[in-house]
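Chain by chain, the residues:
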Amino acid sequence: MDPVVLFERAATDAADMVERVRPAQRSAPTPCSEWSVGEATAGTAMDQVVHTWDLAVAIGGDRRLDPELVEAVVAMFLPQMPDIGRRAGIVGPEVKVPDDAPAQERLLGAMGRTP
């Protein structure tokens, strides 16, 4: 079966499952602390965005991320999440980028990547 179709099906199934468990009313352990299921799910999404860029770098692929997705992740997680991740030992040192840098560069720098 087409890997894109499999991924889309898995993503839909995961979103349906999260919706059924009422994420605001349940918690999940994370490497950082105990988070609501909704927060943990959002954190996983952020992780996937950053690791998509990591993979693109590793294989010499297109490093451009979906701008709307990046903006959503930036709005949810900057500036607090990278510092929380650093305290937990799961995010590397910040790479400074200009304050007016594009969202993708700000996200990657905050998460310890050199954009």
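Scroll up to find the structure.
What this report covers is the structure whose coordinates are included nearby.

Analysis parameters
- Numbering of residues starts from 1 in every chain and runs along the sequence as written.
- In keeping with the model being predicted, local features are shown solely for residues with a pLDDT of at least 70 and side-chain atom pairs are shown and tallied solely at 80 or more, while totals for entire chains, interfaces and linings include all residues.
- No hydrogens and no water enter the side-chain calculation; it runs on all heavy atoms of the structure.
- Every helix listed is a DSSP run of H or I at least four residues long, and every strand listed is a run of E at least two residues long, numbered separately from the N terminus.
- Any residue under 20% of the maximum accessible area for its type is buried, any over 50% is exposed, and the rest in between are partly exposed; the area is computed with a 1.4 Å probe on protein chains only.
- Contacts between residues were defined by any pair of non-hydrogen atoms, one from each residue, lying within 4.5 Å.
- Using the Shrake-Rupley algorithm and a 1.4 Å probe, accessible areas are obtained, with residue cover drawn only from the displayed protein chains.
- As used throughout, the charge tally considers Lys and Arg to be positive and Asp and Glu to be negative, leaving His and the chain termini uncounted.
- Think of each charge as sitting on NZ of Lys, CZ of Arg, CG of Asp or CD of Glu.
- As used here, the arc is the angular range of directions from the helix axis to the C-beta atoms.
- Definition of a polar contact: a pair of N or O atoms within 3.5 Å, with one able to donate and the other able to accept a hydrogen when the atoms are protein atoms, and with sequence-neighbouring residues admitted only if both atoms are side-chain atoms.

Overview of the overall build of the chain
Regarding its fold elements, the chain presents five helices and two strands. In the chain, the succession of α and β elements from N to C terminus is α-β-β-α-α-α-α. Projected onto its principal axes, the C-alpha coordinates of the chain cover approximately 40 × 35 × 25 Å. Counting the 115 residues in the chain, one finds 25% classified as buried. Across the chain, the fraction of contacts at a sequence separation of at least 24, relative to all contacts at a separation of at least 6, is 44%. On the chain, roughly 7700 Å² of surface is accessible, and the fraction owed to carbon and sulfur atoms is 57%. Averaging the coordinates of the 11 positive side-chain charges in the chain and doing the same for the 18 negative ones gives two points 4 Å apart.

So, helix α3 (residues 67-77)
Within α3, burial applies to V70, V73, V74 and F77. Mapping the buried residues of α3 onto a view down its axis gives an arc of 100°, with all of them on the same face. Along α3, exposed side chains directed more than 90 degrees from the buried face belong to E68 and A75. The secondary structure elements touched by the buried residues of α3 are α2 (37-59), α4 (80-88) and α5 (103-110). The residue sitting at the N-terminus of α3 and contributing the capping side-chain oxygen is D66; that oxygen lies 3.0 Å from the backbone nitrogen of E68.

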